[in-house]
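# What the coordinates show
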Amino acid sequence: MTSNETSSPRAKLMLCGAGSLGKSFLRLLRDLQDEFNLMAVVTAHHGQLVDAEGIDPSVALNLIEAEGFDTSNTSSIEEIIEAVKPDILVECIPQNMRSGDPALGILKTALDQGIHVVTANKSAIALGYRDLLHRSAKSNVTIGFEATVLDGVPIFSFVEQMKNTSVVAVRGVVNGTSSLVLESLQYDSTRSRGLARAQALGIAEADTVLDLDGWDASAKAALLANVWMNGSLRVFDVVRSGCESLKDADVKAAAEQGRYRLVIEVSKTESGQARATVTPTLLEPGDALYSLTGASGGLQITTDSGQKMVILHNSPGLESAALGLLHDCRRANQAIS
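In this report, the structure presented in the accompanying data block is examined.

### Quick look at the sheet that holds strand S2 (residues 37–42)
- Ordered by their spatial adjacency, 6 strands build an open sheet running S3-S2-S1-S4-S5-S6, and the pairing between neighbours is mixed. Where the open sheet ends on each side, the last strands, each with one partner, are strand S3 (48–50) and strand S6 (143–144).
- Across 5 bridges, strand S1 (residues 12–16) lies against S2 in parallel orientation. Each bridged residue has a counterpart across the sheet, and for Leu 13 the counterpart in S2 is Leu 38.

Next comes the structure, spelled out in structure tokens:
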């Protein structure tokens with residue numbers, strides 16, 4: 001009998017989405033040696049794998065990378081939840097900037113069923129944060145979304161620990177793909193080579209326009225405004241300018257002064273409303289974000305007491321984001337126990 005078996009039952013997981021991030025999460029589960037019990041993997045392109053007795057993550061990975069699952073099984077999310085009764089639902093499907101669905105609907109369904117949820121979907125959180133928070137409180141379950149910004153660095157847990165303190169401004173670099181494209185120009189190469197590098201690292205969105213035109217950064221900016229500043233911003237409320245607003249020659253010419261990055265700025269107005277922008281910005285030496293190179297990201301956080309804190313993340317990527325999902329699963333498991 002293993003130590004896991006002698007302590008407490010393993011939490012039952014249901015995974016929605018098995019793209020690059022979903023597969024990285026499955027690899028973590030495989031290497032954890034039975035910390036969690038995977039019950040279902042639901043995908044849009046690979047079919048569904050459901051087993052109330054549990055699924056070996058290695059088997060799921062092999063099937064995804066080979067022939068896929070049984071595509072004849074088209075059970076609804078509600079039916080699968082009823083069949084396997086998961087403790088935690090992990091969601092990492094592509095984001096929808098306009099409505100947040102289908103991810104947002106899946107999260108609502110799980111919370112209403114008393115299931116803890118963990119997500120990497122920044123648009124779903126940005127658009128539905130207050131409603132999701134209300135549903136989680138009503139059902140007495142948790143909602144984890146550390147993987148939405150800075151690839152799983154626990155920024156939300158960190159801020160949550162600052163009692164009687166609120167965030168009034170945030171400035172940051174939060175999209176690695178655009179950073180690699182701009183850095184490629186800085187070193188006298190091409191945009192396409194920078195994008196190819198991001199795709200090779202697995203950090204680029206399936207639709208790279210979301211990265212390069214600032215939409216992904218806008219979703220993260222709206223999320224931070226809504227979570228930390230009680231805002232009600234939609235992604236389209238963020239004033240946005242992407243990489244296309246910069247000329248190649250301008251980026252190369254500025255290389256001696258600093259480095260261009262897409263920078264988000266989120267703040268509260270005097271009336272208490274949240275506002276956010278995404279703009280290509282020249283970061284010069286002395287800037288708190290200047291040290292960020294490659295796909296690295298970071299945030300400069302200002303509180304109502306005047307504190308300024310900088311969080312830098314120098315190892316972005318799928319593995320880091322998958323770890324963010326895992327840490328949220330572990331926090332949910334503590335709530336279950």
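From this point, the narrative continues.
### Points about the packing of aromatic side chains
- Overall, the coordinates contain 4 aromatic pairs when judged by the stated rule.
- Judged by centre distance (6.0 Å) and plane angle (80°), the rings of Tyr 129 and Phe 145 are edge-to-face. In this pair, Tyr 129 is assigned in helix H6 (residues 122–139) and Phe 145 in the loop between S6 and helix H7 (155–160), connecting sequence segments 16 residues apart.
- Owing to a relative accessible area of 9%, Phe 145 belongs among the buried residues under this scheme.
- A network of ring pairs unites the aromatic residues Tyr 129, Phe 145, Phe 156 and Trp 228 as a single cluster.

### Considering the nonpolar core
- Judged by nonpolar contacts, the single largest core of 57 residues is most densely connected at Ile 155, Leu 224, Trp 228 and Leu 299.
- The element best represented in this core is helix H11 (residues 215–228), accounting for 8 residues.
- Those residues within four positions of Trp 228 in sequence are excluded, and the remaining contacts are Ile 155, Phe 156, Val 159, Val 167, Val 170, Leu 299 and Ile 301.
- In terms of nonpolar packing, the next biggest core, distinct from the first, is built from 31 residues, Leu 49, Ile 55, Leu 61 and Cys 329 among them.

### Some details on the sheet that holds strand S12 (residues 308–313)
- In spatial order, the strands read S8-S10-S9-S7-S11-S12; together these 6 strands make up an open sheet with mixed pairing. Looking at which strands have only one partner, the edges of the open sheet turn out to be strand S8 (239–240) and S12.
- Sheet analysis places strand S9 (residues 259–268) next to strand S10 (residues 274–283), joined by 10 bridges and oriented antiparallel. Paired with Ser 267 across the bridge in S10 is Arg 275.
- Across the sheet, helix H8 (residues 176–186) lies against strand S7 (167–173) and S9, angled at about 140° from S9, the strand it touches most.

### Structural notes on unusual backbone geometry
- Following Asp 101, the chain continues into Pro 102 via a peptide bond in cis, with omega recorded as 5°.
- Its location among the elements puts Pro 102 in the loop between strand S4 (88–91) and helix H5 (103–112).
- The phi angle at Asp 151 is positive, at roughly 50°, despite the residue not being glycine.
- Note that Asp 151 resides in the loop between S6 and H7.
- Here Asn 164, not a glycine, exhibits a phi torsion of approximately 55°, which is positive.
- Here Asn 164 shows up in the loop between H7 and S7.

Definitions and cut-offs
- Residues numbered from 1 in each chain as written.
- Predicted model: local features only at pLDDT ≥ 70, side-chain atom pairs only at ≥ 80, totals over all residues.
- Heavy atoms only, no water.
- Pairing = 2+ DSSP bridges.
- Helix = DSSP H or I, 4+ residues; strand = E, 2+ residues; numbered from the N terminus.
- Phe/Tyr/Trp six-rings, centres within 6.5 Å; stacked < 30°, edge-to-face > 60°.
- Buried < 20%, exposed > 50% of the residue type's maximum accessible area, 1.4 Å probe, protein only.
- Core = buried A, V, L, I, M, F, W, Y, C linked by side-chain atoms within 4.5 Å.
- Contact = heavy atoms within 4.5 Å.
- Axes fitted to C-alpha atoms, helices over the stretch in contact; angles between N-to-C directions.

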